[in-house]
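Chain by chain, the residues:
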Amino acid sequence: MTTVLIVDDQPLQRLGFRMLLESTPGTEVVGEAAHGAEAVRQAAELRPDVVLMDVRMPGMDGIEATRRIVASGGRSRVLVLTTFDLDEYAHAALRAGASGFLLKDALPDELLAGIRAVACGDAVIAPRLTRRLLDAYAHQLPGPAHNRTADDDPRVRSLTEREREILVAIGRGWTNGEIAERLVLSESTVKTHVGRVLAKIGARDRIQAVILAYDLGLTRPNNPS
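Cut-offs and rules
Residues numbered from 1 in each chain as written. Predicted model: local features only at pLDDT ≥ 70, side-chain atom pairs only at ≥ 80, totals over all residues. Heavy atoms only, no water. Buried < 20%, exposed > 50% of the residue type's maximum accessible area, 1.4 Å probe, protein only. Helix = DSSP H or I, 4+ residues; strand = E, 2+ residues; numbered from the N terminus. Arc of directions from axis to C-beta. Polar contact = N/O pair within 3.5 Å; in protein donor to acceptor, adjacent residues only side chain to side chain. Salt bridge = Lys/Arg side-chain N within 4 Å of Asp/Glu carboxyl O. Contact = heavy atoms within 4.5 Å. Pairing = 2+ DSSP bridges. Right-handed = clockwise from strand over helix to strand, strands pointing away. Axes fitted to C-alpha atoms, helices over the stretch in contact; angles between N-to-C directions. Parallel < 35°, antiparallel > 145°, perpendicular 65-115°, else oblique. Left-handed = near helix turned anticlockwise from the far one by under 90°. Nonpolar A, V, L, I, M, F, W, Y, C, P; charged D, E, K, R; others polar.

Enquirer: I tried to follow helix 3 (residues 62-71) on my own but got confused; where do I start?
Expert: Note on helix geometry: an α-helix contains 3.6 residues per turn, so any two residues three or four positions apart are oriented the same way. Looking only at helix 3, the buried set comprises G62, I63, A65, T66, I69 and V70. Seen end-on, helix 3 carries its buried residues on one side only, within an arc spanning 160°. Capping the start of helix 3 is the job of one residue whose side-chain oxygen sits 3.1 Å from the backbone nitrogen of I63: D61. G73, located one to two residues past helix 3, shows a positive phi value of around 80°.

If you want it as structure tokens, here you go:
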């Protein structure tokens, strides 16, 4: 059973999400919140698998609420809902530790699949959209420090040569299928490598792996694939 906390300042929006989730076997709505502070409190108390988080809310917004929920070290993962696929808050939510993004007008099946993916520890956003988000807001994201390289980072040093190749590929926004094709590996092997890379670098999901690859200069905006 996947438990979900719905966070949105619009009652009708919350009702719509609740009706969808409660009519879906395997999902359970454990709470609702109308603003960020309430979301942080309920996430700590209810420990849902997934927090369905709106961004624009009065008081504490969804970005700060996401940051606090993730920083608490609890089990809850945050799925952010945005109005546009290149929302002005998207890069901030990535930094805050969100596990993915969906548009508010996503089809029901897309929303449900996204919730299940986040609950399982995967990232919801298609890798190419992750790259688009980073590319669009590259000027707002800190680039690699001049005196810091990938070889200086203990997380990267812990990777094998193949695992480093996988990290670079993730950073470029390649899907598992694309990685398999370009590195001449089976998709099951790629999936195993991706899991090991995420574990070694301490990333919750592919999104955080992309950010690390970007920060360490392993890949750059508009880097040709």
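Enquirer: Whenever I open this one, the pattern of salt bridges confuses me. Can you help?
Expert: A side chain of one charge can pair with a side chain of the opposite charge if their charged atoms are brought near each other. One pass over the structure, following the stated rule, counts 10 salt bridges. With a shortest N-O distance of 2.5 Å, R18 and E32 are connected by a salt bridge. Taken as a pair, R18 in helix 1 (residues 11-22) and E32 in strand 2 (residues 27-33) lie far apart in primary sequence, 14 residues in all. For R162, the salt bridge goes to E165, with nearest N and O atoms at 2.9 Å. With R162 and E165 both in helix 8 (residues 161-171) and three residues apart, the pair spans about one turn of that helix. Residue classification places E165 among the partly exposed residues on the basis of a relative accessible area of 35%. Residues joined in a network through salt bridges with shared partners are R14, R18, E22 and E32.

Enquirer: When you look at the side chain of S99 in this model, what are you seeing that I'm missing?
Expert: Among the secondary structure elements, S99 is positioned in the loop between helix 4 (90-96) and strand 5 (100-103). The exposure class of S99 is buried, given its relative accessible area of 0%. Contacts of S99, omitting those with residues within four sequence positions, involve R77, V78, V118, D122, A123, V124, R204, D205 and I207.

Enquirer: Quick question: what am I supposed to make of the environment of P58 here?
Expert: Assignment of secondary structure puts P58 in the loop between strand 3 (50-54) and helix 3. Counting along the chain gives 23 residues from P58 to H35, while the straight-line C-alpha distance between them is 6.5 Å.

Enquirer: In this structure, what is going on with the pairing of strand 4 (residues 77-82)? I would like to understand it.
Expert: Looking down a regular strand, the side chains alternate between one sheet face and the other. Here strand 4 lies mainly inside the structure; six of its six residues are buried. Side chains of strand 4 alternate between two faces, with R77, L79 and L81 and V78, V80 and T82 buried alike. In this sheet, strand 4 lies alongside strand 3 in parallel orientation, the contact comprising five bridges. In the sheet register, L52 faces strand 4, and the bridge partner there is L79. For the crossover from strand 3 across helix 3 to strand 4, the handedness is right-handed. Inspection of the sheet shows strand 4 paired to strand 5 by four bridges, in the parallel sense.

Enquirer: Just to check I follow, could you spell out the packing of helix 10 (residues 187-201) against helix 11 (residues 206-215) for this structure?
Expert: When two helices pack together, their arrangement is captured by the angle between the axes and the distance separating the axes. Where helix 10 meets helix 11, the axes come as close as 10 Å, and the angle between the chain directions of the two elements is 65°. Between helix 10 and helix 11, the angle falls in the class roughly perpendicular. The two elements helix 10 and helix 11 meet at a crossing, and its hand is left-handed. Contacts between helix 10 and helix 11 involve V194, L198 and I201 on the former and, on the latter, R206, A209 and L212. The residue inventory of the contact of helix 10 with helix 11, partitioned by class, reads five nonpolar, no polar and one charged.

Enquirer: Help me out: how do you make sense of the sheet that holds strand 1 (residues 2-7) in this one?
Expert: Two modes of strand pairing occur in sheets, parallel and antiparallel, and in both the strands are linked by backbone hydrogen bonds. Read across the sheet, five strands follow the order 2-1-3-4-5 without closing on themselves; strand pairing throughout is parallel. Edge positions in the sheet fall to strand 2 and strand 5, since each has one partner strand and no second. When strand polarity is set aside, the average angle formed by the axes of neighbouring strands in this sheet is 25°. Across the sheet, helix 3 is in contact with strand 3 and strand 4; its angle to strand 3 comes to roughly 160°.

Enquirer: Please clarify how the environment of G114 should be interpreted in this entry.
Expert: Inspection of the secondary structure assignment puts G114 in helix 5 (residues 108-119). Taking the C-alpha atoms as reference points, G114 and L79, 35 residues apart in sequence, are found 7.9 Å from one another. Setting aside residues up to four positions removed in sequence, G114 forms contacts with L79, L102 and V124.

Enquirer: Explanation requested: the pairing of strand 1 in the structure shown.
Expert: Burial within strand 1 is extensive, with six of its six residues counted as buried. Residues of strand 1 alternate between two faces, with T2, V4 and I6 on one and T3, L5 and V7 on the opposite face, all of them buried. Bridge count for strand 1 against strand 2 is six bridges, and the pairing is parallel. Across the sheet, residue I6 finds its bridge partner in strand 2, namely E32. Pairing of strand 1 with strand 3 involves four bridges; the strand directions are parallel. Across the sheet, the residue bridging to L5 is V51, located in strand 3.

Treat this as a map of the structure, not an account of what it does.
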